[in-house]
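# Structure assessment
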Amino acid sequence: MTFDFLNELNDSQRAAVEYCDGAQLVIAGAGSGKTRVLTYKIAFLMENGYSPASIMALTFTNKAAREMKSRIASLVGEKRARYLMMGTFHSIFSRMLRRESDTIGYTKNFTIYDSADSKNLIKTIIKELKLSDKEYKPAVVHSRISFAKNNLITADVYAQNLQYLKFDSAIKMPLISDIYKFYSARCRQADAMDFDDLLLNSNILFKKSPEILQKYQQFFRYILVDEYQDTNFAQYMIVKKLAENHEHICVVGDDSQSIYSFRGANIDNILQFRNNYKDAKIFKLEQNYRSTQNIVNAANSLIAKNKDRIEKTVFSEKEKGNRVKIISVHTDLEEGTFVANNIKDLHRTQNIDYENIAVLYRTNAQSRVLEEAMRKAAIPYRIYGGLSFYQRKEIKDVIAYCRIICNQNDEEALKRIINFPVRGIGDTTIEKISQCAVTHNTTMWEVINDMLKYNLPVNAGTAAKLAKFRDLILSFAQQVESENAYNIVNQTVIQTELITDTYSAPTPENMSRRENIEEFVKAVHEFCEQKAQEGVDNVILSDFLSEIALITDQDENINDKNAKITLMTVHAAKGLEFGVVFIVGMEEELFPSAYSYSDPKQLEEERRLFYVALTRAEEQCFVSYAKSRFRNGQTNFSNPSRFIKDIDIQYVDLPKEDNYNKNMFIKTDWATERENFDSFKHPQMPVFQKDKTTVKNKFTRVKYDVLQVDTVPIETDYKAGIFVKHEVFGIGKVIGSTRENGNEKVEIDFGEKGKKTLLLKFAKLQILK
DNA sequence: GTAAGAAAAATTTTT
DNA sequence: TTTTTCTTAC
């Protein structure tokens, strides 16, 4: 086969595809054919001697992986594309972890906790530690633990890291370190990993077993990463390790579209790529094939106001196009009417299809008013967001049964279904079991399994109920290795009375619950059938579970062929394009979100978010703001977003008729904001030690490799808890130790003399044994 | 142990 | 406003 397809690429795209000699960063501006480059490059590699199985392509969503795979299949054929190692970081490395699970002390059937499970477990631990969940907000604790894991900080390391502990004290949660420790222990006891563990443990595995690392290094000869701007440190490190020997790595992304830092994504990964891979070649895709010149220019002028970015000149050779229309309305209701009227107009007079129109907003809460307006105007619409199939209560219940059948130590699953459907095992009993498990350092299941041994203080009636529950689960568990997954699930929903429960009353809710459960059972059936066709003779339940644990499918209504307009958050719109885009709610405190005000970095991320929104539009873009908005139960006055005036005035049509004026904008302009940016100390966890020497290309060099994946990265004699003697301050207790620019600092509590942070090389400390 | 009513909170969320 | 969590009465 010849490389005909190379002719379909422009010069810079082709250059990016053809360069295969080493580390490569492809900066792909919005609409510049990023996916095209990735797919063609993979095809190109396959034509040049790389076997499909030796190519690893990492994406951020299952959907992206699926789409890319099918596009490659159309280039090189289904058969060859099938063996590509393509998927999300989480799915690919969870499979690896199952294979190598003994090395890190898990079974191959470990459970994957979703975010809700994680949060529940954290809540339980907070309660057990007798802390108030007013002060210790589970969501905040979870995000701290998640952040730590994404930066490869294990619980032990966390407890030794002064900077982390200080931060926690500052936000009045000094014991997060302890919660983290218990949380990790409990996950391990339950044979469970959370999402972040999949990445963290992959790193630990590589660290722990150089042989295993080597095996994968030799196997994967080319690694490609999509959406690189949204990767975190743990992901960076996995790729870094795997590609260590050959550095045959290609990362593709757009720093201007990094919008997921709140999930641990680290924009420095892309900004610092050339410092982390010394021989890296940078390719820039700057021609935008999606939008009109005016939209591209407007977006460029907006993003130019950001400080943290890689210089690039995105341009369009399409027609000039219309200006971005800024619309001022009085209320959120009026905004809805305006959007609806315009859509009708576009549809009728300009013949624009509904599916080519999208309304984008910052928060899901805004969808209601818009939905109402569309309904009134009889415009067909589709809302993205909300609950996915696998997050529905009844589905989570069925899955919880499946999980406990496969792994009885799965505590979160147990707690979910031990009294659902109600079987008279109430909170008090569960509390007793939990207490009992903690005191005997075992799992709740063990306690239920042998109530006498652990002296569970319950009456005979309760004991009988518990025994009945145990036997129910065990009866399935015994068959789980031999019986077909479909049969087990089918029997489970019947025998646990999950499905009978929906017959209790003929309400629409019950009907819908029943339909969902039936659909789930059908999905299991289809999974078994499909695997059978692939030659697997018996599909067991744990196979199915590990398949669905990482699915959070967004694209359900795929069958819905009717033309509809799209309502979604800006985040959800990433990667999509529409002829006409309405961006609504462009107001201070909403977009940018008030939560971002305190941190210039977050403000820049909000601006990138607006950039993403603008660049979704191909032909026409409307941006609206309301002077008052109903929010959180009350009507508030609002000012137009500062981002509106960040767009160069020549690319916008400002509202003419009403009193639009510059005084409406808040006083801080972007120049001041940029000054703030420089002086601002970020209230984030310090992760990397930056040395301040500036290298050629204005980026500060980051020493990633300082950080070790190990239990104790800081080799210190001054561990927390030991006692030391100081010439002046006397005897004190070590709180912790950190290293800064190679100097070790020790923080010590000298009791009456107070807490001191001392530089080790100056302070003459004597360790007391 | 459960269910109803009061009080409190309220981003974005690819895994 | 809605949604989630807490309290209180059965």
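All values reported here derive from a predicted model rather than from experimental measurement.

### Description of the overall build of chain A
A tally of helices and strands in chain A yields 30 helices and 25 strands. Taken over 769 residues, chain A has a buried fraction of 53%. Considering only intrachain contacts with a sequence separation of at least 6, the fraction spanning at least 24 residues in chain A is 76%. Split by element, the accessible area of chain A, about 35600 Å² in all, is 49% carbon and sulfur.

### Some points on the nonpolar core
Counting residues in each nonpolar core, the largest one holds 71 residues, and the members touching the most others are Leu-58, Phe-93, Val-141 and Leu-242. Tallying contributions element by element places helix α13 (residues 233-242) first for this core, with 7 residues. Setting aside residues no more than four positions away along its own chain, Val-141 makes contact with Ile-122, Ile-126, Tyr-136, Met-173, Ile-176 and Ile-179. Judged by nonpolar contacts, the second largest core, of 50 residues, contains Ile-433, Ala-467, Phe-476 and Phe-520.

### Topic: the sheet that holds strand β2 (residues 55-59)
Within a sheet, each strand pairs with its neighbour through backbone hydrogen bonds, oriented either parallel or antiparallel. The sheet built from 6 strands is open, its strands ordered β3-β2-β6-β7-β1-β8 with parallel pairing. Of all strands in the sheet, those with a lone pairing partner are β3 (85-88) and β8 (281-285), marking the two edges. If you compare each strand with its neighbour and ignore which way they point, the axes differ by 15° on average. In the sheet, β2 pairs with β3 via 4 bridges, with the strands oriented parallel. Note on β3: the bridge partner recorded for Thr-59 is Thr-88. In this fold helix α2 (residues 34-47) packs onto β1 (24-28), β2, β3, β6 (222-225), β7 (249-253) and β8, with an angle of close to 170° to the strand it touches most, β6.

### Some thoughts on the protein's contact with DNA strand C
Around DNA strand C, the structure places Lys-123, Asp-133, Arg-368, Phe-630, Asn-632 and Gly-633. For DNA strand C, the fraction of atoms within 4 Å of the protein that belong to sugar or phosphate moieties is 47%. The backbone of Gly-633 places a nitrogen or oxygen atom 3.4 Å from a base nitrogen of DNA strand C.

### Describing the packing of aromatic side chains
Going through the model one piece at a time under the given rule, you end up with 22 aromatic pairs. Here the aromatic rings of Tyr-216 and Phe-220 are separated by 6.5 Å at their centres, their planes lie at 10°, and the arrangement is stacked. The exposure class of Tyr-216 is buried, given its relative accessible area of 7%. An angle of 70° between the planes, with centres 5.8 Å apart, marks the rings of Phe-591 and Phe-610 as edge-to-face. Of this pair, Phe-591 sits in the loop between β15 (578-583) and α28 (600-614) while Phe-610 sits in helix α28, and the two are 19 residues apart along the sequence. The exposure class of Phe-610 is buried, given its relative accessible area of 0%. Through pairs of rings, three or more aromatic residues link up here, namely Phe-60, Phe-89 and Phe-93. Lys-393 extends its terminal NZ or CZ atom over the ring of Phe-420, reaching a point 3.8 Å from the ring centre.

### Some words on the packing of helix α19 (residues 393-406) against helix α24 (residues 485-495)
The geometry of α19 relative to α24 is characterised by a closest axis approach of 10 Å and an angle of 120° between their N-to-C directions. On the basis of the axis angle, α19 is oblique to α24. Handedness of the crossing formed by α19 with α24: right-handed. Residue-level contacts link Val-398, Tyr-401, Cys-402 and Ile-405 of α19 to Ile-488, Val-489, Thr-492 and Val-493 of α24. Across the contact of α19 with α24, the residue classes break down as 7 nonpolar, 1 polar and no charged.

### Section: helix α17 (residues 332-349)
Its 18 residues give α17 an end-to-end C-alpha distance of 26 Å, which sits within 8% of 26 Å, the value for a rise of 1.5 Å per residue. Buried positions along α17 lie against β11 (324-331), β12 (357-361), α18 (367-376), β14 (565-569), β15 and β16 (617-631). In the stretch just after α17, Asn-351 is the one whose phi turns positive, near 65°.

### As for the pairing of β1
The buried count for β1 comes to 5 of 5 residues, which makes it a mostly enclosed element. Burial along β1 is two-sided: the residues Gln-24, Val-26 and Ala-28 and Leu-25 and Ile-27 are all buried. Strand direction decides the pairing type here: β1 and β8, joined by 5 bridges, are parallel. In the sheet register, Val-26 faces β8, and the bridge partner there is Phe-283. Sheet topology places β1 next to β7; 4 bridges connect them, and they run parallel. When the bridges of β7 are listed, Val-26 appears paired with Val-252.

### Concerning the pattern of salt bridges
Taken as a whole, this structure holds 36 salt bridges when the rule is applied. Residue Glu-577 is joined to Arg-290 by a salt bridge in which the shortest nitrogen-to-oxygen separation is 2.6 Å. Placement of Glu-577 in the loop between α27 (570-573) and β15 and of Arg-290 in the loop between β9 (287-288) and α16 (293-303) is noted, with a sequence separation of 287 residues between them. Here the salt bridges share partners, and the residues they tie into one network are Lys-34, Asp-226, Glu-227, Asp-230 and Lys-574.

### A closer look at the environment of Ile-430
Looking at the secondary structure, you find Ile-430 in helix α21 (residues 427-439). The sequence separation of Ile-430 and Lys-415 amounts to 15 residues, and the corresponding C-alpha distance is 7.9 Å. Sequence-distant contacts of Ile-430, defined by excluding residues within four places in its chain, comprise Ile-418, Ile-425 and Met-444.

### Comments concerning the side chain of Asp-255
Take Asp-255: it is sitting in the loop between β7 and α14 (268-271). Among the polar contacts made by the side chain of Asp-255, one reaches the main-chain amide nitrogen of Ile-310 at a distance of 2.8 Å. Here the side chain of Asp-255 touches Lys-312 through a polar contact of 2.9 Å, side chain to side chain. For Asp-255, the contacting residues outside a window of four places in its chain are Ile-27, Gln-229, Ile-267, Ile-270, Leu-271, Asp-308, Arg-309, Ile-310, Lys-312 and Arg-608.

What counts, and at which threshold
- Residues numbered from 1 in each chain as written.
- Chains lettered and ligands numbered in written order.
- Predicted model: local features only at pLDDT ≥ 70, side-chain atom pairs only at ≥ 80, totals over all residues.
- Heavy atoms only, no water.
- Helix = DSSP H or I, 4+ residues; strand = E, 2+ residues; numbered from the N terminus.
- Buried < 20%, exposed > 50% of the residue type's maximum accessible area, 1.4 Å probe, protein only.
- Contact = heavy atoms within 4.5 Å.
- Areas by Shrake-Rupley, 256 points an atom, 1.4 Å probe, with all protein chains shown as cover.
- Core = buried A, V, L, I, M, F, W, Y, C linked by side-chain atoms within 4.5 Å.
- Pairing = 2+ DSSP bridges.
- Axes fitted to C-alpha atoms, helices over the stretch in contact; angles between N-to-C directions.
- Near = heavy atom within 4 Å.
- Polar contact = N/O pair within 3.5 Å; in protein donor to acceptor, adjacent residues only side chain to side chain.
- Phe/Tyr/Trp six-rings, centres within 6.5 Å; stacked < 30°, edge-to-face > 60°.
- Lys NZ or Arg CZ within 6 Å of the ring centre and 35° of its normal.
- Parallel < 35°, antiparallel > 145°, perpendicular 65-115°, else oblique.
- Left-handed = near helix turned anticlockwise from the far one by under 90°.
- Nonpolar A, V, L, I, M, F, W, Y, C, P; charged D, E, K, R; others polar.
- Expected span 1.5 Å × (residues − 1).
- Salt bridge = Lys/Arg side-chain N within 4 Å of Asp/Glu carboxyl O.

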